[in-house]
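Understanding the architecture of this molecule
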Amino acid sequence: MLLSDANLRSKPFLGVTSMPLSKKPLLFPLVLRGIMVLAICSKLFASQPTTGNDYLFEMSLEQLIELPYDVSTASKYQQEISDAPASVTVITADEIRKYGYHTLPDILNSVPGFYINYDRNYHYLGIRGFRRPGDYNTRVLVLIDGHRTNENVGDASYIGTQFPVDVDLIDRVEIIRGPGFSLYGNNALLAVVNVITKGANKLQGLELSGQLASFNSRRGRATYGKVFGEDAQLLVSATGYESEGQQLYFKEFDSPSTFNGLVKNDGDKFGNFFAKASVGNFILTAAHTAENKGIPTAPWDSVFADSRTQTSDDTTLIGLTYNRNLSDWASVKARAVYGSYDYQGTWPTNNAPPGEDPDIVLAQDSWSGRWCDTELQLFAQPLENHKLVCGLESRYNIRQNQQSWDEMEVYLDDHRSSQSWGLYLQDEFAVSDKLTFVAGIRHDRYDTFGGTTNSRLAAIYHPMNNTTLKLLYGEAFRAPSAYELYYNDGDYTQKASLNLRPETIKNYEIILERELNKKMRATVSGFHYIMHDLIDQYIDPADGLLVFKNLNEVKATGIETGLEGMWGSGLKTRVSYSYVEAEDDATGQQLVNSPNHLAKLNLTTPILEDRLFAGLGLLYSSKARTLSGNYTDNFTIVNLVLTYENVIKGLEISAGLYNLFDTKYGFPGAGEHVQDIIYQDGRTLMIKFIYRFK
Amino acid sequence: MRIKKSSFIWLLLVFLEVSPVLRAQTDSTPSREYAIKAAFLYNLTKFVDWPDNKVADSNDSLVIGIIGKDSFGSAFEPIQDKRVKNKKLLIKRFERLSQLRSHNEPDQNKLRQSVETWQRCHLLFVCASEKNEFTDILKSVAGHGVLTVGEIENFVDGGGIINFIPNKEKAVFEANLIAVKEARLRISSEVLRLAKRVIKEEPVDSNNK
């Protein structure tokens, strides 16, 4: 995020070079044929109409009491997945445990159409072919218990070790692929991820956990939960993590003056505190994480292998939710949140001209944000077949500060505050038992750029009780961030970009879901989205200065297919395949870092009675283009996890081998990296224990 | 992107394939909460032994009665004709007790008949709407070997056997072993160990007889 005054950032952001237009096959006919085939097949195999809930009668009492009543993110109220006007994936705590996901990126990497990149600093989420190097998760909205976590300087969401909730405290993650459909406002362009945390009712008593992993990584957690009668509960938890990291080799720096490309500065550490309390109709969620990472890649022209190169990210979130039924057919929800984010980066930089003795200065930059959100939402079902949601959301950005300096000079010291609000309304109209229409509209006003209105339309049809066809149209926006609007270095190399408009997306989607033989669910979907006014940096020919502008249009078409099911004897599988073509609209060029094919398999099965479980994860990604026009290799990563419950009463031990076959794979570097491809870890091991005192 | 003619034909076929046939609306689709509760009740019956005289009386059906404002809708449809313990499942619905009482009959015939039918049920589910009447319901079926299940706060404290603790998130239940004994039922420990709370000793307040 720092622009050194010694070098202009000259690499164009989309990596557009002068390659000829590629030939694009027509995807929609393919999608339609796929859906047609599935529809015909399902008719062939259909016996009598059966309710979508048949499979529940096959489940044991033990399983039934674990099922959540709601998938609440897609329409902000209780709803069956098959009735939600979106592509929804829910990943439960049980799956998180049995598949050995030990961070949020691991969880998200299993979602159809998603891909995770890591550049040894932050983890980034690619969705449906879109994640350009240099994007900081600004086009996905990440929530914790319904509260926004995207910080308010760059609008980025940090999902790696900076994420303020320990993965063991996650009850489930609800993911909507596609725009947040006018209920969520800013950032919900490509997906909405809602991390729902456990309350004390799921973690009673004291629980201790310890974890050891490769590269001398250690993690410890202590959690205590207590339920006070029917009406109140409290959960508190603390986690500490430290990893020494490994020595890495970068061929781009392989020369005697730069240690032959070897560097050991990949250490990572964080301290996290979490509390969740509920009293009557109030729920309070509080989380804080302070994290610090050494950066080995020497980005932003910093000195290679200087151990002072690091970033720190501190995040705090305190959110209060109040839910109340007003009557049989109406309920109200009110939320208030306080958030804070502090980032600091240290980049030792050599200011001396080439050939002369090094003159190293410690360039630093920081972001500091404080914000306050409130929301009031009303749900009502005034008529049997109309479900209405309306709400008012407001955001007050108390502080949005950016600074950059070194020992000699202050280059940027920008302080801002701003406000915005949004008003939304949605109606779900059940025309008949089988057909429902959803229409929603939202208007947001920002004191930076004015207003934007976005809408959603959906038709959900059940031709038979176990089949759902959804036709969706949605719009969403992303407001220009404080970073994009105001970052400048005194007009030395970059000026402020005051006239930015919001980015917008229009998404068209068709989804066919079918419950096959009571325990399996198959999904096929086709989507097409167009993003307008994407904000990028470019050099203004009038004065040679860098500036942000609404420059680019991207369009993408793709299909996603998935199958999830429970087989006899406890085997559970989730498999998906997705194909996408995402291209820059002006040039017809495929986007950088946009793999066409993604295939994922996750399965878990009990091995020994009901106490030993094996989890297998497989991820395939086809090649992706880098900024310099090369390609990363196709890769397949396999993970294997064994979980042993109740080794002795209350003790659970799990062990995992990640990247089992030591595959070498990497992701495209961004503009700030010298590296064209940033390679990832080989085979790593993790051992974890959890002990519950009862 | 030009749309080819063949795509139009496919698109048309897709629409014909899924063209809506509006059927008469019967029961509404139940919410997930009640679909889960229905599955729970069905499953529960497999783990309960009723007293011998009840078994003899019941003419080959296992009756599940539902009293009050019922949110199950069509939740029991998939198991309408299934058999449990070699008896056919029968679902009977009853109006709210407050409504039964409000019928202006001198001899309260309808109320009396309903109570007799309740006493013949194997499982009686008391809906949340009966939160002010449930103690009367429990009193009226006491001693008739009825497995009483509720979704009302204090249901088990008031003598009910199993209760879904009112909960927005999932099916959490509690059980009253004394009530089980009084109804001369036997419930497998496999069920009881899943309960969040189990009443075992005599409650201090014995006003619930």
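Residues numbered from 1 in each chain as written. Chains lettered and ligands numbered in written order. Predicted model: local features only at pLDDT ≥ 70, side-chain atom pairs only at ≥ 80, totals over all residues. Heavy atoms only, no water.

Here we look at the overall build of chain A
Selection rule: Segments assigned H or I by DSSP are reported as helices when at least four residues long, segments assigned E as strands when at least two residues long, and all are numbered from the N terminus. Accessible area is worked out with a 1.4 Å probe on protein chains only. A residue is then buried under 20% of its type maximum, exposed over 50%, and partly exposed in between. Surface exposure here means Shrake-Rupley accessible area, sampled with a 1.4 Å probe, where a residue is shielded only by the protein chains that are shown.
A tally of helices and strands in chain A yields five helices and 34 strands. Looking at the 694 residues of chain A, the share that counts as buried comes to 60%. Of the roughly 27000 Å² that chain A leaves accessible, carbon and sulfur atoms contribute 57%.

Considerations on the pattern of salt bridges
We apply this condition: Every case where a carboxyl oxygen of Asp or Glu lies within 4 Å of a side-chain nitrogen of Lys or Arg is listed as a salt bridge.
Considering all chains together, one arrives at 56 salt bridges over all chains under this definition. Salt-bridge contacts for Glu130(B) lead to Arg96(B); the nearest nitrogen and oxygen are separated by 3.7 Å. Separated by 34 residues along the polypeptide, Glu130(B) in the loop between β5 (123-126) and α6 (134-141) and Arg96(B) in the loop between β4 (87-94) and α4 (97-102) bring together distant segments of the chain. Exposure remark for Glu130(B): the relative accessible area of 0% places this residue in the buried category. Salt bridges sharing partners connect three or more residues here, namely Asp94(A), Arg97(A), Lys98(A), Asp168(A), Glu207(A), Arg221(A), Glu645(A), Glu652(A), Lys688(A) and Arg692(A).

Topic: the sheet that holds strand β6 (residues 147-150) of chain B
All names here are of chain B. In plain terms, the rule: Here, strands pair whenever DSSP counts at least two bridges between them. Contact criterion: two residues are considered in contact whenever any of their non-hydrogen atoms come within 4.5 Å of each other. Here, axes are lines fitted to C-alpha atoms. For helices the fit covers the stretch in contact, and angles between N-to-C directions go from 0 to 180 degrees.
Read from one edge to the other, the open sheet built from eight strands follows the order β3-β4-β2-β5-β6-β7-β8-β10, with strand pairing classed as mixed. At either end of the open sheet lies a strand with only one pairing partner, and these are β3 (83-84) and β10 (197-199). Bridge analysis of β3 against β4 gives two bridges, and the strand direction is antiparallel. Bridging from a neighbouring strand, Val84 pairs with Lys87 of β4. Where helix α5 (residues 109-120) meets the sheet, its contacts fall on β2 (61-67), β4 and β5, and the angle it forms with β4 comes to roughly 150°.

Here's the deal with helix α2 (residues 32-45) of chain B
Applied cut-off: Helix span, expected: 1.5 Å multiplied by one less than the number of residues in the helix.
The terminal C-alpha atoms of α2(B) lie 20 Å apart, and with 14 residues this matches the ideal 20 Å at 1.5 Å per residue to within 8%. By the criterion of burial, α2(B) is predominantly enclosed, with 14 of the 14 residues buried.

Description of the environment of Glu169(B)
As for its placement among the helices and strands, Glu169(B) is situated in the loop between β7 (162-164) and β8 (173-176). A relative accessible area of 37% means that Glu169(B) is categorised as partly exposed. Each C-alpha atom of the pair Glu169(B) and His144(B) lies 33 Å from the other, and the pair is 25 residues apart in sequence. Setting aside residues no more than four positions away along its own chain, Glu169(B) makes contact with Leu67(A), Pro68(A), Tyr69(A), Asn201(A) and Lys202(A).

Regarding a nonpolar patch on the surface
Residues and elements named next belong to chain A. Put simply, the rule reads: Patch definition: residues with relative accessible area over 30% and no salt bridge; like charges joined within 9 Å; nonpolar side chains (Val, Leu, Ile, Met, Phe, Trp, Tyr) joined within 5 Å.
Together, Leu206, Leu208, Tyr224, Val647, Ile648, Ile653, Leu685, Ile687, Phe689 and Phe693 make up a nonpolar patch on the protein surface, roughly 790 Å² of accessible area in all. A per-element tally of the nonpolar patch places strand β34 (residues 684-693) first, with four residues. With respect to the helices and strands, Tyr224 occurs in strand β9 (residues 217-228). Classification of Tyr224 as partly exposed rests on a relative accessible area of 38%.

A few points about the sheet that holds strand β6 (residues 170-177) of chain A
All names here are of chain A. Strand order in the open sheet formed by five strands is β1-β6-β7-β4-β5, and the pairing between neighbours is mixed. Two strands lie at the open edges of the sheet, namely β1 (87-92) and β5 (147-148), each paired on one side alone. Sheet topology places β1 next to β6; six bridges connect them, and they run antiparallel. Bridging from a neighbouring strand, Thr92 pairs with Arg172 of β6.

Regarding unusual backbone geometry
As a rule of thumb, non-glycine residues mostly have phi less than zero, and peptide bonds are mostly trans rather than cis. Residue and element names in this part refer to chain A. For Asn187, which is not glycine, the phi dihedral falls at a positive 80°. Within the secondary structure, Asn187 is located in the loop between β6 and β7 (191-197). With a phi close to 55°, Asp662 is a non-glycine residue in the positive phi region. By secondary structure assignment, the location of Asp662 is in the loop between β31 (651-658) and β32 (666-668).

Describing the packing of aromatic side chains
All names here are of chain A. Using the following cut-off: Within 6.5 Å between ring centres, the rings of Phe, Tyr and Trp (the latter by its six-membered ring) count as paired, and their orientation is classed by plane angle as stacked under 30 degrees, edge-to-face over 60, tilted in between.
This model, assessed by the stated rule, comprises 29 aromatic pairs over all chains. Summarising the aromatic geometry, the rings of Trp367 and Tyr483 are spaced 5.4 Å apart at their centres and angled 45° between planes, so their arrangement reads as tilted. Here Trp367, found in strand β17 (residues 360-383), pairs with Tyr483, found in helix α5 (residues 482-486); they are 116 residues apart in sequence, far enough to count as distant. Trp367 gets classed as buried once you look at its relative accessible area, which sits at 7%. On the basis of relative accessible area, Tyr483 is assigned to the buried category, the value being 13%. Look at Phe635 and Phe667: their rings are 6.1 Å apart centre to centre, the planes differ by 75°, and that puts the pair in the edge-to-face class. Separated by 32 residues along the polypeptide, Phe635 in strand β30 (residues 635-644) and Phe667 in strand β32 bring together distant segments of the chain. For Phe667, a relative accessible area of 11% corresponds to the buried category.

A short note on the state of the cysteines
Residues and elements named next belong to chain B. This is how it is decided: The disulfide criterion is simple: two cysteine sulfur atoms within 2.5 Å.
Counted according to the given criterion, the structure contains zero disulfides over all chains. In this model Cys121 remains outside any disulfide bridge; the closest cysteine sulfur is found in Cys127, 12 Å from its own. A relative accessible area of 0% places Cys127 in the buried class.

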